[in-house]
Structures are given as structure tokens and as C-alpha cells.
Amino acid sequence: MSETTEYAETPLPGPSGEGGAARPATAGRASSPTTSSWRSRLYRWDTKASPYVFVAPFFLFFGAFGLFPLLYTGWASLHRLELTNLDDSTWLGLENYTNLLQSDYFWNALGNTFTIGVISTVPQLAMALGIAHLLNYKLRGSTLWRVAMLAPYATSVASASLVFTLLFAWDGGMVNWMIGSVGFDPVNWRESSWGSQFAVSSIVIWRWTGYNALIYLAAMQAVPHDLYESASLDGASRRQQFRHVTIPMLRPTILFTVVVSTIGATQLFGEPLLFGGTAGSKGGADHQFQTLGLYLYDQGWINGHLGRASAVAWLMLLILLLIAAVNLLIARRLRKDR
């Protein structure tokens, strides 16, 4: 005869230690495996896709306003495309490029761009380096001086160009008045070749010197003070410290500003256009200060030859790529020297 044991359900103690209701088997119903798997997949999708969603607007705008115009101008440069009839295009191949390379106006614009670039870049960066060296020392109202350096950069191209046009006016201009006060004959700045290029370069120098000075100032403040202290203990003057300590440490920054200024000079457009007045797109009556940017504008929007203007744009791109390649080689050489 088997012995049977009965188990009674033991009540759970209540708050006062007394018996209460029996504890249920589970506190709540667990989520189903299907719901848990769906949430896990959704979380993984969100983790992987969210970064691409956040950066997608940039690529959309770049594709619409950067990549598509670049490819379209490349296509247009190989066709005869007129502004008056955009629906009619004729395949030309490299004929637009060969015509440009045989055009005296193109080489004149390229030479003017180079000349104005040199005249505006070299004095601009030299003055910016000197101004940054002065601002690097403790001065009263240093913040005010730094803000003043940015004021020309914040001024619009149109305002600055119109003011300088009045300053270099043939009759009544302040520059000719100052020249006449010391006994020299007035200069027709807009009609003369070197005078017009100097006047356009002065606008560029005035607008960008302060901007580059602040870049140099930021780089100077990153130079370790131990180098200056060591040079001072060795008896180096401030001029010698600037030459043997500051300049070598600023070589990468100087190279950067040279490249950026060269690119800006290659794309120079607003200053000569407004300085020339009614003949601005031609760069003067004899094309004496017509840059590549003005030549592109004149071919595309004045003469209506969009195919040839597109070829000018692509040649400018090749020039900029060449400048970037030279910059890369010089930067590598500087890294090896250091």
C-alpha cells in the first residue's frame, strides 16, 4: 500500500505577517517573440540608417547644385550651345578648347589673371603677416583691433568696388588728387593697362588682408612659447625670433593662404566687373584688365556662346587642379623637411 502525501498551498504572508492570497505563477504576460524580434530589427535599422539620413541633405544639395552643373558644363563644352536656343546643340568634340587655345583674348585674360593675382597676393600676404605679428603682442584693445581687421572682409564686393572706383576716378578722384599734390600728372586708372590692374588689385588687397592676418595670428598663438624663450636666452632679438622661429613654424599656414589666394585670384570676377563700369565684362576698352572670370561671363552671357564659356570653366578647373597638385607636392616636401 503506497503512502500518499498531500501538499497544501501555503498562503503568502501579508503586510502584517499574516497569511494572504497565494502568489500567482507570473506577474505579467511576457512579450511575444515576434514583437521582440521586430523591435530588435527596427533598432538595428535605426542605428545603421540614421547617420545616412542626417547627411543626406548635404549630398542632395551637392548633387543638385554642385555635381550636376559640373557634369552639364562638361557636356556643354563639347557642343555648340547658344544661349538663344538651348534646345539645339551640335557635337563639336574638342573644337571649343582648340578655339580657345588659339584665341588671343583667352591668353590675354589668362595673363591678366596671373598679373593681378601676383600684384594682389604678394603684398596682401606680406602685410597680413606683419599685422599678425603686431597683434600677437599684448596691445590695449586687442579685441577691437581684431574686429577691425575683419571689417573689410565683411564689406560687400559691390560696396568696396564702387568706393574704390570713386577713389581712382580720372577727374576728382582722391588718388589722382594726392598724386597731383606731389607734382605728378594724374593717371587714367581705368584706361591704362598697369593702372587698371593695380586699381583692381588694391580692392582685393583691402578686402582680404585682415582676413589672412587673423589666420596668421591664430597660427602664431599656437607656436609654443618655449621656442621664443629659448631664442631669447640665446640673445635673439624680436626680429630674429620672427625670422627664425615664427616664419618656419608658419610655413604650412603660409602655404595654405598662398593656395587659397591663388584660387581666389583665378576666380576673380566681381571687382573688375564693377570697376570697369559699362565695359566691365570686356575688362576695359582694350581688354586690359579682363580676367578669366570676366572672359567666361562675356562669352556665355554677353555673346551667348554657352559651349565656349563651359570650355573656359573647365580650363579654369584644370588650372585649379594643377595648383592643388603643386600645393600637395610642396606640403609633402615641408613634412619631410620637418
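Predicted model only: the values in this text are computed from it and were never measured. (Residues numbered from 1 in each chain as written. Predicted model: local features only at pLDDT ≥ 70, side-chain atom pairs only at ≥ 80, totals over all residues. Heavy atoms only, no water.)

**A short note on the overall build of the chain**
- Across its full length, the chain holds 13 helices and two strands.
- Taking as baseline every contact in the chain between residues at least 6 positions apart, the subset at least 24 positions apart corresponds to 65%.
- When the accessible area of the chain is evaluated, it comes to approximately 22,300 Å², of which 64% is carbon and sulfur surface. (Helix = DSSP H or I, 4+ residues; strand = E, 2+ residues; numbered from the N terminus. Contact = heavy atoms within 4.5 Å. Areas by Shrake-Rupley, 256 points an atom, 1.4 Å probe, with all protein chains shown as cover.)

**Some words on the pattern of salt bridges**
- Under the definition given, this model contains two salt bridges.
- Among the salt bridges present, the one from Arg207 reaches Glu271, with a minimum N-O distance of 3.5 Å. Taken together, the residues Arg207 in helix α7 (residues 193-221) and Glu271 in helix α11 (residues 270-276) connect sequence positions 64 residues apart. Each member of the pair, Arg207 together with Glu271, is buried.
- The partner of Asp298 in a salt bridge is Lys282, and the shortest N-O contact between them spans 3.1 Å. Linking Asp298 in helix α12 (residues 292-302) with Lys282 in the loop between α11 and α12, this pair joins segments that are 16 residues apart in sequence.
- Using a relative accessible area of 3% as the deciding quantity, one classes Asp298 as buried. (Salt bridge = Lys/Arg side-chain N within 4 Å of Asp/Glu carboxyl O. Buried < 20%, exposed > 50% of the residue type's maximum accessible area, 1.4 Å probe, protein only.)

**Side note on a positive patch on the surface**
- The grouping of Arg332, Arg333, Arg335 and Lys336 at the surface amounts to a positive patch.
- Secondary-structure assignment places Arg333 in helix α13 (residues 306-337).
- Residue Arg333 is classed as exposed on the basis of its relative accessible area, which comes to 55%. (Patch = residues over 30% accessible without salt bridge, like charges linked within 9 Å, V, L, I, M, F, W, Y side chains within 5 Å. Lys, Arg positive; Asp, Glu negative; His and termini not counted. Charge placed at Lys NZ, Arg CZ, Asp CG, Glu CD.)

**Some thoughts on the packing of α7 against helix α10 (residues 251-266)**
- Orientation of α7 relative to α10, taken along the N-to-C sense of each, is 160°, at an axis distance of 10 Å. Relative to α10, α7 is oriented roughly antiparallel. For the pair α7 and α10, the sense of crossing is right-handed. Contacts between α7 and α10 pair Asn212, Ile215, Tyr216 and Ala219 from the former with Thr253, Ile254, Phe256, Thr257 and Ser261 from the latter.
- Looking at the contact of α7 with α10 residue by residue, the classes come out as five nonpolar, four polar and no charged. (Axes fitted to C-alpha atoms, helices over the stretch in contact; angles between N-to-C directions. Parallel < 35°, antiparallel > 145°, perpendicular 65-115°, else oblique. Left-handed = near helix turned anticlockwise from the far one by under 90°. Nonpolar A, V, L, I, M, F, W, Y, C, P; charged D, E, K, R; others polar.)

**Some details on the packing of aromatic side chains**
- Taken as a whole and judged by the stated rule, the model has 17 aromatic pairs.
- Where Phe58 meets Phe62, the ring centres are 6.1 Å apart and the plane angle is 15°; that geometry is what we call stacked. Highlighted residues: Phe58 and Phe62, both in helix α1 (residues 33-76), separated by four residues, approximately one helical turn.
- Classification of Phe58 as exposed rests on a relative accessible area of 54%.
- What makes Phe62 partly exposed here is its relative accessible area of 43%.
- Here the aromatic residues Phe164, Phe168, Trp189, Trp194, Phe198 and Trp206 are joined through ring pairs into a cluster of three or more.
- Against the face of Phe275 rests Arg190, its NZ or CZ located 5.8 Å from the ring centre. (Phe/Tyr/Trp six-rings, centres within 6.5 Å; stacked < 30°, edge-to-face > 60°. Lys NZ or Arg CZ within 6 Å of the ring centre and 35° of its normal.)

**Some details on the nonpolar core**
- Counting residues in each nonpolar core, the largest one holds 17 residues, and the members touching the most others are Leu129, Ala132, Tyr216, Met220, Val223, Val245 and Leu250.
- Aside from chain neighbours lying at most four places away, what touches Tyr216 is Leu125, Ala128, Leu129, Ala132, Leu250, Thr253, Ile254 and Thr257.
- Counting 14 residues, the second-largest nonpolar core is a separate cluster that includes Ile116, Ala160, Phe168 and Phe275. (Core = buried A, V, L, I, M, F, W, Y, C linked by side-chain atoms within 4.5 Å.)

**Notes on the pairing of strand β2 (residues 85-91)**
- Bridge count between strand β1 (residues 79-82) and β2: four bridges; the pairing is antiparallel. Bridging from a neighbouring strand, Glu82 pairs with Asn85 of β2.
- Hairpin geometry of β1 and β2 is characterised by an intervening segment of two residues between the two adjacent antiparallel strands. (Pairing = 2+ DSSP bridges.)

**Observations concerning unusual backbone geometry**
- For His287, which is not glycine, the phi torsion reads 60° and is therefore positive.
- As for its position among the elements, His287 is in the loop between α11 and α12.

**Focus on a nonpolar patch on the surface**
- A contiguous nonpolar surface patch, about 1,100 Å² in accessible area, is contributed by Tyr52, Val53, Phe54, Val55, Phe58, Phe59, Phe62, Leu67, Leu70 and Leu71.
- Within the element layout of this structure, Leu71 appears in helix α1.
- The class of Leu71 is exposed, set by a relative accessible area of 52%.

**Topic: the side chain of Ser202**
- As for its position among the elements, Ser202 is in helix α7.
- The exposure class of Ser202 is buried, given its relative accessible area of 14%.

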